[in-house]
Amino acid sequence: MASVDVNNVRKTYQRDSQAIPVLDGLTLHIPDGDFAALMGPSGSGKTTLLNLIGGIDRPTSGSVIVGDANLAALKPKQLARWRSRHIGYIFQLYNLIPVLSAQENVELPLLLVKMSGKERKDRAKFALDLVGLGDRVKHYPRQLSGGQEQRVAIARAVVSDPAVLLADEPTGDLDRKSADEILDLLVRLNQEFKKTIVMVTHDPHAAERARRVLHLEKGVLSA
Amino acid sequence: MHLTSLILANLGRNKVRTLLTLLSVGIALFLFCALRGVLDTLQSSVRVSSETRLVTRNAISLIFPLPLAYRDRIAGVPGVKKVSYANWFGGRNAADPSDFYAQFAVDSPTYFPLYRSDVEVVAAGRPQGAGAVPEGNDPKLAAFFEDRTGWVVGQALFVKHKWKIGQQVHLAGTIFPGDWPFTIQAVYHAKNPAFGEDNLLFHWKYLDEKGMGGRGQVGWYVLGLDHPGQAGPVIQAIDGIYENSAAATRTETERAFQAGFVSMYGNIPFLIGLIGLAVVLSMLGVAANTMMMAIRERTGELAVLKTLGFTDGTVFGIVLAEALLITGIGGTAGALLAKFMIEGTRFNAGGFLPPMTVTWETVALGVAIALAMGIVSGLVPAIRASRLAVVDALRRVE
């Protein structure tokens, strides 16, 4: 169970001698169990905000609190460990490891947790069953369709039972039918498994499936 | 699945590249160990030579002889227990001139007792007469002592030529011209590898009578001492006696004599070492480049691993382990291949050296070098991977 609090966050990237402000004093509260869709034009700071919530980037100023963890206070190693337990990440291009089978890809986050090989296997199988790919455990990413790959990626994201799922354009590379299946899955994870979900999307159809839609423009939330 | 499975899966990602890298590291370490094996062989010929036997030779060079007349005076030097002598023969197999092996004419009655602990007679002809042998000799050499043209042959040489006891073999003399018929009368096994099993020994008297017209020229003397500690005074005494004679002597321990023989190779050992090092260094560059390429191609995947919660240290370990695994497997295979292949050939430079050897120390050094190659070649990619900024790397992928 985790809520997300973003407090007066600024993020500025330095490209050579040029400072590029991306987020400009953004404040946001996403309650525990919410499903929020982040929309906005390219360069508005959606992915940056997602990365800050996921702890793979740090704000220039301000604070990000997920559950009871103030991410700014965590050292890199602690942050990595925290991420492995509390965050599930879903990418637009799935980002599966091509030399690992579906089952092995899903087992990856569990390598960071102390558990027996059998337990790891069982949990990965459960996660794959959950996304409807229980019969594809031995398949490699190249043997799966885009939609199936994304479902494996979702299984990987939920296998360690994180409280928060961050999805960066999860349907951006899929056809409508596959996209709907993925969105159904995310809705189910939110409603049935009480996951807090933050999804970046350009697609209004995808955003409709969220409980609420947030619009970002030039680094600030717009009404 | 374990982390090891992930590392192994990564190695199988580009099988041809992994195989070629394994192969190049393996060949480099094979060459390194093989070249070092030459040094091992040279060193072993020195190391296993005796410190308790002395060798007296002409002070100018080994190729100049000494008079046989020195024998009695040398034997009279306090501390000297036994004296024997030998000559290099240098004949060619009359049937096959390219078939060369070391041949020595030795004063048989005194020579074999000096090397009793180094060689063992394993096969011998049956004596025709009473079968008496000079004191201190193996009774199995009776037929050899009865036969003026008798041969005692090393086991390896005997097996290689498929000779039989009692068989006659002809040599064509080069230093001592003419046709030299010999009869194989005994076969020895070298308990001390330095003695070698590719040598052939025959009666010095036969050489003196047929080849030197009874002039009594000796290639070198071999001396047995009462106590090893007497080597210093004995050396001083012998060389002092002949200091101002026409044929001055140089006396040294058998080990020093062998070392002097090895030093005739000049800087070859140094060059061999240098070539081995150059091979390893060039392969280090290849391995490092391969690792850099492999990691660069996987920047996105490494970023994903970090996003999943893999720490910088774990990513560092994965990349370094891959490099270590490649160089470790390739290097170990190359080093072991060098040991078994080279020792299998039993090459001994025509009896000049003990059979070629690649010591386990060299194999261990080869494996250690391979692992060091792994660390050096994997270190930079591993550091880069561990320091990878996830956001930048993901942006490149997405």
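All of the points below concern the structure found in this document. Numbering of residues begins from 1 in every chain and follows the order in which that chain's sequence is written. Whichever chain is written first becomes A and whichever ligand is written first becomes 1, with later ones labelled in order. This being a predicted model, a pLDDT of at least 70 is required before a residue's local features are given, and a value of 80 or more before pairs of side-chain atoms are given or counted; all residues contribute to the totals for chains, interfaces and linings.

Our next topic: the overall build of chain B. A run of DSSP states H or I qualifies as a helix once it reaches four residues; a run of E qualifies as a strand once it reaches two. Both are numbered from the N-terminal end. Scanning chain B for helices and strands turns up 14 helices and 13 strands. Every C-beta atom is placed from the backbone, and the number of other C-beta atoms within 10 Å of a residue's own sets its class: buried at 20 or more, exposed at 12 or fewer, partly exposed in between. Looking at chain B residue by residue over its 398 residues, the buried ones come to 44%. C-beta atoms are placed from the backbone for every residue, and two residues are taken to be in contact when these atoms lie within 7 Å. Contacts in chain B between residues at least 24 apart in sequence constitute 80% of all its contacts with a sequence separation of at least 6.

This part covers the packing of helix 12 (residues 312–345) of chain B against helix 13 (residues 360–387) of chain B. Residue and element names in this part refer to chain B. The axes are straight lines fitted to the C-alpha atoms, using for helices just the contacting stretch, and the angles between their N-to-C directions are given from 0 to 180°. Closest axis-to-axis distance for the helix 12/helix 13 pair is 7 Å, and the angle between their directions is 155°. In terms of orientation, helix 12 lies roughly antiparallel with respect to helix 13. Seen along the crossing, helix 12 lies across helix 13 with a hand that is right-handed. Of the residues in the contact of helix 12 with helix 13, the class split is 21 nonpolar, 12 polar and 3 charged. When describing relative orientation, an angle under 35 degrees is termed roughly parallel and one over 145 degrees roughly antiparallel, while 65 to 115 degrees is termed roughly perpendicular and anything else oblique. Working rule for handedness: look at the near helix, and if it is turned counterclockwise from the far one by less than a right angle, call the crossing left-handed; if clockwise, right-handed. Lys, Arg, Asp and Glu make up the charged group, whereas Ala, Val, Leu, Ile, Met, Phe, Trp, Tyr, Cys and Pro make up the nonpolar group; the residues left over, Gly among them, are polar.

This part takes up the nonpolar core. To define a nonpolar core, we join buried Ala, Val, Leu, Ile, Met, Phe, Trp, Tyr and Cys residues through C-beta atoms within 7 Å and take the resulting set. By size, the foremost hydrophobic cluster in this structure holds 116 residues, and its most contacted members are Ala155(A) and Val198(A). Looking at which element gives the most residues to this core, the answer is helix 12 of chain B, with 12 residues. Apart from the residues within four sequence positions on either side, Val198(A) is in contact with Val4(A), Ile30(A), Ala36(A), Leu38(A), Leu50(A), Ile53(A) and Leu166(A). Of all hydrophobic cores here, the second largest spans 56 residues; its members include Val77(B), Phe89(B), Phe145(B) and Val153(B).

Contacts between the two partners involve 24 residues from chain A, matched on the other side by 20 residues from chain B. Contributions of two or more residues to the side of chain A that touches chain B are made by helix 2 (76–86) and helix 3 (102–107) of chain A. By residue number, the principal contributor to the side of chain A that touches chain B is helix 2 of chain A, which donates 6 residues. Among the residues forming the side of chain A that touches chain B, the class breakdown is 13 nonpolar, 4 polar and 7 charged.

So far we have only geometry, and geometry alone does not tell us how the molecule works.
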